[in-house]
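Structural overview
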Amino acid sequence: MANKFELIDLTSGNVVGDFGSEGKALDSLRQALGQPGVDSITDYSLVRVEDERQSVVAMQDALVRLVTNPEPLLSPESRKVKAGG
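A brief report on the enclosed structure follows. Source: prediction; values computed, not measured. (Residues numbered from 1 in each chain as written. Predicted model: local features only at pLDDT ≥ 70, side-chain atom pairs only at ≥ 80, totals over all residues. Heavy atoms only, no water.)

This brings us to helix α1 (residues 22–33). Taking 1.5 Å per residue, twelve residues should reach 16 Å; α1 reaches 17 Å between its end C-alpha atoms and fits that length. Those residues of α1 not exposed but buried are Ala25, Leu26 and Leu29. Viewed along the axis of α1, the buried residues span an arc of 95°, placing them on a single side of the element. Away from its buried face by more than 90 degrees, α1 exposes Lys24 and Gln31. On its buried face, α1 is in contact with β1 (3–9), β2 (15–19), β3 (44–50) and α2 (60–68). (Helix = DSSP H or I, 4+ residues; strand = E, 2+ residues; numbered from the N terminus. Expected span 1.5 Å × (residues − 1). Buried < 20%, exposed > 50% of the residue type's maximum accessible area, 1.4 Å probe, protein only. Arc of directions from axis to C-beta. Contact = heavy atoms within 4.5 Å.)

Structure follows, in structure tokens:
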């Protein structure tokens, strides 16, 4: 049961990146945002692939929020654990 994460260009439908973890995908997107000529990642979708099943992690504006400030997207359970409760 291997997971991988794919970055999809929503304009072309092409896979533009393949990552072994969600963290690596998000790190790559953070680095891309810092590069000249990369103004936005709103035309992308991050997809989890597990046993040939795909599920969207985030896309468009939600992907931008996840990459630039992941804290607000944490579930209530995750926030509780992070806070030590």
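On to the pattern of salt bridges, then. This model, assessed by the stated rule, comprises four salt bridges. One salt bridge in this structure joins Glu6 and Lys4, with 3.3 Å as the shortest N-O distance. Classification of Glu6 by relative accessible area gives buried; the value is 10%. The class of Lys4 is partly exposed, set by a relative accessible area of 31%. (Salt bridge = Lys/Arg side-chain N within 4 Å of Asp/Glu carboxyl O.)

Below, the discussion takes up α2. Residues Leu63, Leu66 and Val67 constitute the buried set of α2. Relative to the axis of α2, the buried residues are bounded by an arc of 95° and lie together on one face. Looking at the buried positions of α2, the neighbouring elements they touch are β1, α1, β3 and β4 (53–59).

Turning our attention to the sheet that holds β4. Taken in spatial order, the four strands make up an open sheet running β2-β1-β3-β4, and their pairing is antiparallel. The sheet is open, and its two borders are formed by β2 and β4, each paired with just one other strand. Across the sheet, the axes of successive neighbouring strands diverge by a mean angle of 25°, strand direction being ignored. The pairing of β3 with β4 spans six bridges and is classified as antiparallel. Considered in β4, the bridge of Val47 is made with Val56. Running at roughly 165° to β3, α1 makes contact with β1, β2, β3 and β4 of the sheet. Taken strand by strand, α2 contacts β1, β3 and β4, and its axis lies near 75° from that of β4. (Pairing = 2+ DSSP bridges. Axes fitted to C-alpha atoms, helices over the stretch in contact; angles between N-to-C directions.)

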